[in-house]
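Coordinate inspection notes
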Amino acid sequence: MKVFVAGGAGYIGSIVTQQLLDAGHQVTVYDSLIKGHRQAVPAAAKFVLGDILDRATLDLALDDGPYDAIIHFAAFIEAGLSMQQPGVFFRNNVAGSLSLIDAAVAHGVRKLVFSSSAGVYVSKDSPLVEDDPIGPANVYGHTKRMIEEALMWYNRIHGLRFAALRYFNAAGATPPTRGEAHDPETHLIPLVLQVALGQRSRVFIFGDDYPTPDGTCIRDYVHVLDLSQAHILALGALDEHPVLICNLGNGAGYSVKEVIDTARQITGHSIPAKVVERRRGDGPILVADASRARALLGWEPQIPDLRDIVASAWAWHQSHPHGYDAE
Ligand code: UDP
């Protein structure tokens, strides 16, 4: 297959690109490098520098087709920041995605895999299924829901087949090559590991008065390689199913305090932590029931244990203490 990966210089996109290449597919990575890292793009992929909001550059890149599919990772992802700068998120994630989807249709691309999020749901204290109530707690989650809804119409009107993969909390790395490096870093596991590396004095716990056993938020951490595999499977499953909306998570929830404790065990560092105010837009509990992904995609996570996930992230952070910047 010939696959166009928007956002392929990012954390998940670069790993999917590598897996696509390993499976013998031809890949073009399209990335603005606003958040992505050129060094993360596998050498065997073609690279085009461009923004998804820039339709002219997108069209030029897609002229190099025909592409069998687009995988769309290009988005801003910081849930907390989206509650301070809603316009930035609506513009990039909604207007940008529409620009990419329109370009896909104009170029006759038949399949699209979209990075959606657990952030589309109302928080619930048991595992979420895809038909559970939708109700994003933050602008980021809402942008993902808006594009899922738009894609339903593109499917009806243009026959564009799509998979919306609702990631729970992507984590882990593929050491020594690829890992999670955001600027600014807002995600729990990399922040905790930066404390273990001596780059931060402590980690802040955003609220311990949630309705959970230890009062901190519970999330379902899923290894980036397992997430990646689901994209490859989705490309195949779209031949059979024109619309796929699937949760991707392990079905096990860990609190913020449990994640920090796990990192203490893995790194041997005390990792000081301080409880501060809640972060706006955080639901208390988000855990996946991924039965649909297992049934329809044949997805079977290979690295479900949080300790293995954190250990892989730690190995990468030790080999890249300053992310990709030092390369
Ligand atoms: N979190 C925290 N301190 C931090 C970063 C995150 O307590 O410095 C919490 C956050 O409130 C959430 C969980 O860790 O409950 C996971 O947050 P993250 O930003 O990693 O992912 P999200 O769930 O927002 O996608």
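Note that the structure is a prediction, hence the values are computed from the model and not measured. (Residues numbered from 1 in each chain as written. Predicted model: local features only at pLDDT ≥ 70, side-chain atom pairs only at ≥ 80, totals over all residues. Heavy atoms only, no water.)

Counting through the fold element by element, Ser 14 comes out in helix α1 (residues 11-22). A relative accessible area of 1% places Ser 14 in the buried class. Separated by 258 residues in the primary sequence, Ser 14 and Pro 272 place their C-alpha atoms 32 Å from one another. Excluding residues that lie within four positions of it along the chain, Ser 14 makes contacts with Gly 8, Ala 9, Ala 40, Pro 42 and Arg 178. Polar contacts involving the side chain of Ser 14 include one to the main-chain carbonyl oxygen of Tyr 11, which spans 3.4 Å. (Helix = DSSP H or I, 4+ residues; strand = E, 2+ residues; numbered from the N terminus. Buried < 20%, exposed > 50% of the residue type's maximum accessible area, 1.4 Å probe, protein only. Contact = heavy atoms within 4.5 Å. Polar contact = N/O pair within 3.5 Å; in protein donor to acceptor, adjacent residues only side chain to side chain.)

Quick look at the site of the ligand now. Surrounding the ligand, one finds 14 residues, the nearest of these being Leu 188, Phe 204, Arg 219, Arg 279 and Asp 282. Within the side chain of Asn 169, an N or O atom sits 2.9 Å from an oxygen atom of the ligand. Taking Leu 188, its main chain carries an N or O atom lying 2.9 Å from an oxygen atom of the ligand. Here the ligand has 510 Å² of accessible area as a free molecule, and 89% of this is covered by the chains. Among the elements that make up the shell around the ligand, the one with the highest residue count is strand β8 (residues 203-206) (3 residues). Residues that form the shell around the ligand fall into these classes: 8 nonpolar, 3 polar and 3 charged. (Near = heavy atom within 4 Å. Areas by Shrake-Rupley, 256 points an atom, 1.4 Å probe, with all protein chains shown as cover. Nonpolar A, V, L, I, M, F, W, Y, C, P; charged D, E, K, R; others polar.)

Turning our attention to the nonpolar core. Counting residues in each nonpolar core, the largest one holds 37 residues, and the members touching the most others are Leu 20, Leu 165 and Leu 297. Listed by contribution, the elements that provide at least two residues to this core are β1 (2-6), α1, β2 (26-31), β4 (69-72), β6 (161-167), α7 (224-237), β11 (243-248) and α9 (291-297). Counting residues per element, this core draws most heavily on α7, which supplies 7 residues. Setting aside its immediate chain neighbours within four residues, Leu 297 contacts Leu 165, Ala 230, Leu 233, Ala 234, Ala 237, Leu 244, Cys 246 and Arg 292. Counting 27 residues, the second-largest nonpolar core is a separate cluster that includes Ala 6, Val 48, Ile 52 and Leu 151. (Core = buried A, V, L, I, M, F, W, Y, C linked by side-chain atoms within 4.5 Å.)

For α7, built from 14 residues, the straight-helix expectation of 20 Å at 1.5 Å per residue is met to within 8% by its first-to-last C-alpha distance of 20 Å. Counting buried positions along α7 gives 10 out of 14 residues, so the element sits mostly inside the fold. Here α7 has its buried residues at Val 224, Asp 226, Leu 227, Ser 228, Ala 230, His 231, Ile 232, Ala 234, Leu 235 and Ala 237. (Expected span 1.5 Å × (residues − 1).)

Once that is clear, we can look at the pattern of salt bridges. In the structure shown here, the tally under the stated rule is 16 salt bridges. Close ionic contact of Arg 145 with Glu 149 constitutes a salt bridge, the shortest N to O distance being 3.6 Å. Pair noted here: Arg 145 and Glu 149 are both in helix α5 (residues 139-158), with a separation of 4 residues, about one helical turn. (Salt bridge = Lys/Arg side-chain N within 4 Å of Asp/Glu carboxyl O.)

Our next topic: the side chain of Arg 166. Following the sequence through the fold, Arg 166 ends up in strand β6. On the basis of relative accessible area, Arg 166 is assigned to the buried category, the value being 2%.

Okay, the sheet that holds strand β5 (residues 111-117) next. Spatial strand order, β3-β2-β1-β4-β5-β6-β11: 7 strands in an open sheet with parallel pairing. Lying at the two open borders of the sheet, with one neighbouring strand each, are β3 (46-49) and β11. When strand polarity is set aside, the average angle formed by the axes of neighbouring strands in this sheet is 20°. Of the strand pairs in this sheet, β2 and β3 are connected by 4 bridges, and their pairing is parallel. Across the sheet, residue Thr 28 finds its bridge partner in β3, namely Lys 46. Sitting on the sheet, α7 is in contact with β1, β4, β5, β6 and β11, with an inclination near 160° to β6. (Pairing = 2+ DSSP bridges. Axes fitted to C-alpha atoms, helices over the stretch in contact; angles between N-to-C directions.)

Here the focus is the sheet that holds strand β12 (residues 254-255). Pairing in this open sheet of 3 strands is mixed, and the strands run β12-β9-β14 from one edge to the other. In this open sheet, the two strands that pair with only one neighbour each are β12 and β14 (285-286). Looking at chain direction, strand β9 (residues 218-219) and β12 are connected through 2 bridges and run antiparallel. Following the sheet pairing, Arg 219 is matched in β12 by Tyr 254.

Further remarks concern the packing of aromatic side chains. The way to describe two aromatic rings as a pair is by their centre distance and the angle between their planes. By the definition in use, this model includes 5 aromatic pairs. Between Phe 76 and Phe 89, the ring centres sit 6.0 Å apart and the planes meet at 70°, which makes this aromatic pair edge-to-face. With Phe 76 in the loop between β4 and α3 (79-82) and Phe 89 in helix α4 (residues 86-106), this pair connects stretches of sequence that are 13 residues apart. Each member of the pair Phe 76 and Phe 89 is classed as buried. A connected cluster of aromatic rings, assembled from ring pairs, spans Phe 4, Tyr 30 and Tyr 67. A cation over an aromatic ring shows up here: Lys 35 above the ring of Phe 76, its NZ or CZ 5.5 Å from the ring centre. (Phe/Tyr/Trp six-rings, centres within 6.5 Å; stacked < 30°, edge-to-face > 60°. Lys NZ or Arg CZ within 6 Å of the ring centre and 35° of its normal.)

Glancing now at α1. Along its 12 residues, α1 runs 17 Å from first to last C-alpha, staying within 8% of the 16 Å computed at 1.5 Å per residue. Counting buried residues in α1 gives 10 out of 12 residues, a clear majority hidden from the surface. Among all positions in α1, only Tyr 11, Ile 12, Gly 13, Ser 14, Ile 15, Val 16, Thr 17, Gln 19, Leu 20 and Leu 21 are buried. Residues of α1 that are buried sit in contact with β1, β2, β4, β6, β7 (169-171) and α7. Gly 24 occupies a position one or two residues after α1 and carries a positive phi of about 90°.

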